[in-house]
Amino acid sequence: MTLNRKCVVIHNGSHRTVAGFSNVELPQCIIPSSYVKRTDDAGKAKFIFGTYDMIDTTAEKRSDDEVYTLMDSQGLPYNWEALELQWRYMYETQLKVSPEELPLVITMPVTNGKPDMSILEHYYELAFDKLKVPVFQIVIEPLAIALSMGKSSAFVIDMGASGCNVTPIIDGIVVKNAVVRSKFGGDFLDFQVHEKLAPMIKEENDMENMADEGKNSTDVWHDANTWIQQFKSTMLQVSEKDLIELERYYKEQAEIFARQQEQLKQMDQQLQYTALMGSPNNPLLQKKNFLFKPLNKTITLDFKDCYEFAEYLFKPQLISDKFSPEDGLGPLMAKSVKKAGASINSMKANTSANPNGLGTSHMHATAGDNANGSSSNNISPEQVYSLLLTNIIITGSSSLIEGMEQRIIKELSIRFPQYKLTTFANQVMMDRKIQGWLGAVTMANLPSWNLGKWYSKEDYESLKRDGKQSQPANASANTN
Ligand code: ATP
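Residues numbered from 1 in each chain as written. Predicted model: local features only at pLDDT ≥ 70, side-chain atom pairs only at ≥ 80, totals over all residues. Heavy atoms only, no water.

## Some words on the sheet that holds strand β1 (residues 8–12)
The strand order across the open sheet formed by 6 strands is β3-β2-β1-β7-β8-β17, and the pairing between neighbours is mixed. The sheet is open, and its two edges are formed by β3 (29–32) and β17 (455–456), each paired on a single side. In terms of strand pairing, strand β2 (residues 16–21) meets β3 through 4 bridges, oriented antiparallel. Note on β3: the bridge partner recorded for Arg16 is Pro32. Sheet strands in contact with helix α4 (residues 141–148) are β1, β7 (104–108) and β8 (135–140), and its direction is about 85 degrees off that of β8. (Pairing = 2+ DSSP bridges. Helix = DSSP H or I, 4+ residues; strand = E, 2+ residues; numbered from the N terminus. Contact = heavy atoms within 4.5 Å. Axes fitted to C-alpha atoms, helices over the stretch in contact; angles between N-to-C directions.)

Next up, the structure:
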């Protein structure tokens, strides 16, 4: 049965919100998951949403304007009143439909703690009581991404703004206690770029504005969404292997080259001129230019500096010894794979024993290329490693930094040398940026309503009456 269904699909990331319809391939809008609050002379607050409106407003540099976010560092909403305003803004100005007209599908990140029932309750209250949505579904973002790519087992690495989330999924089940999160993501890179470039710009131009003192939330947001964003997408690169190793390698090459030159010189005085003129080509010392538009100035950096920013995601201890090497993306990915191998069997037993209740959609996928028929049987840790490592999905806008995919493969291959690795990263830049939303669109378009977990206002009311929503055991099953 094919349903001719049209739903509104909203993905609230910690950095950007994507909204559109399930029957249209591209979203209607991509706006920041933040807003500017401006208070007028009469004390009335105005909330400004939307990328261009926010950029224009923050460019005015009014000292009493403030930027507020909607999502916390885990990617979960905490500012519910503002979230309601943002959804209303999108319905009215971007989607141009009434919330009462169409079903709504939203995404939620997976966390490795217990699902917070108050978050789910807030979402249902917002959808049913405030916006009067007819039916509503919450899908788990990495699961939706994996299923939309035809995979029921996958190792989803989502490199976003607030951090990097690593989620193992086996046979359509998120292995919750193996979900790991690195706090180093796009926002952290924004800070590092600012720290590195501010003195260079200030030194050259005495640009007071670049100094931290006197900077308020609107300046920080404006920088992050204008020149820092451009800097990250054009200048940042990831080295294929550990940057320190790479530097050592090029140093050795230079020494070998110098020795050869010396030998040549001794062999034939005639070659002396050529020998002295030649120099080894160290790619790390090549220069890269960035046009800093606010001042129309060119900033020149070594390739090594460009590599260094992204290196921090893998080796945070390079910035400060307060950060543990274990917080780097390589060790975290390995930890996640090993934990998934150790805990999948007990997870499966628990999940199959749990009834459904109020919660997010969960699906025991039948689609996919790698269901190994072992959902009811035990599966060895080695099989889990193999399933995950042959289905690595790399997503999130921070993964667009050049060389990221190769480095992730390198990091995993040195930790799991005996396993074959296969990665899947959408090569269409736009699709990678909206992968979470595309995943939710796929879930909204499943051929039968029964395959998703839809809630109507009546279900919500009766579940509330039955008190089911307060049973943590049910919630745990439903977020898997
Ligand atoms: P989260 O996954 O934390 O909820 P999100 O889904 O809202 O975040 P993404 O769009 O996945 O956000 O990632 C946003 C981050 O990616 C921002 O820090 C942004 O500056 C950065 N970013 C966007 N495009 C690029 C690019 N081409 N190169 C590097 N970084 C980029």
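## Considering the packing of α4 against helix α15 (residues 435–444)
Viewed as axis vectors pointing N to C, α4 and α15 meet at an angle of 70 degrees, and their least axial separation amounts to 8 Å. With respect to α15, the axis of α4 lies roughly perpendicular. Contact with α4, carried on its side by Glu141, Ala144, Ile145, Leu147 and Ser148, involves Gln435, Gly436, Leu438, Gly439, Ala440, Thr442 and Met443 of α15 and no other residues of that element. Across the contact of α4 with α15, the residue classes tally to 6 nonpolar, 5 polar and 1 charged. (Parallel < 35°, antiparallel > 145°, perpendicular 65-115°, else oblique. Nonpolar A, V, L, I, M, F, W, Y, C, P; charged D, E, K, R; others polar.)

## Overview of the site of the ligand
Within the structure, the ligand sits among 19 residues, and Ser14, His15, Gln229, Lys232 and Ser397 are positioned closest to it. With respect to the ligand, the backbone of His15 contributes an N or O atom lying 2.7 Å from an oxygen atom. Here an oxygen atom of the ligand and a side-chain polar atom of Ser162 are 3.0 Å apart. Across the complex, the protein chains shield 95% of the 650 Å² of accessible surface that the ligand would expose by itself. Considering each element in turn, the shell around the ligand owes the most residues, 3 residues, to helix α7 (residues 227–235). Of the residues in the shell around the ligand, the class split is 4 nonpolar, 12 polar and 3 charged. (Near = heavy atom within 4 Å. Polar contact = N/O pair within 3.5 Å; in protein donor to acceptor, adjacent residues only side chain to side chain. Areas by Shrake-Rupley, 256 points an atom, 1.4 Å probe, with all protein chains shown as cover.)

## Topic: the pairing of β7
Counting buried positions along β7 yields 5 of 5 residues, so the element is predominantly enclosed. Residues of β7 alternate between two faces, with Leu104, Ile106 and Met108 on one and Val105 and Thr107 on the opposite face, all of them buried. In terms of strand pairing, β1 meets β7 through 3 bridges, oriented parallel. Following the sheet pairing, Val8 is matched in β7 by Leu104. Pairing geometry for β7 and β8, over 5 bridges, is parallel. Each bridged residue has a counterpart across the sheet, and for Val105 the counterpart in β8 is Gln137. (Buried < 20%, exposed > 50% of the residue type's maximum accessible area, 1.4 Å probe, protein only.)

## Some details on the nonpolar core
If you look at the biggest cluster of nonpolar residues, it comprises 53 residues, and the most contacted ones within it are Phe155, Leu197, Phe231 and Ile408. Here the element with the most residues in this core is helix α11 (residues 329–353); it accounts for 7 residues. Discounting residues that sit within four places of it in the chain, Phe155 has contacts with Val166, Thr167, Pro168, Met333, Ser336, Val337, Leu388, Asn391, Ile392, Ile393 and Leu412. Core analysis: the next-biggest nonpolar cluster, separate from the first, contains 39 residues, Cys29, Leu76, Tyr89 and Leu95 among them. (Core = buried A, V, L, I, M, F, W, Y, C linked by side-chain atoms within 4.5 Å.)

## With respect to the sheet that holds strand β6 (residues 66–69)
With respect to topology, 3 strands assemble into an open sheet ordered β5-β4-β6, the strand pairing being antiparallel. The open sheet terminates on both sides in strands that have one partner only, identified here as β5 (45–48) and β6. Across the sheet, the axes of successive neighbouring strands diverge by a mean angle of 30 degrees, strand direction being ignored. In this structure, strand β4 (residues 34–39) lies alongside β6, joined through 4 bridges in antiparallel fashion. Within the sheet, the bridge partner assigned to Ser34 lies in β6 and is Thr69. Packing against the sheet, helix α6 (residues 217–225) makes contact with β4 and β6, and its axis sits at approximately 70 degrees to β6.

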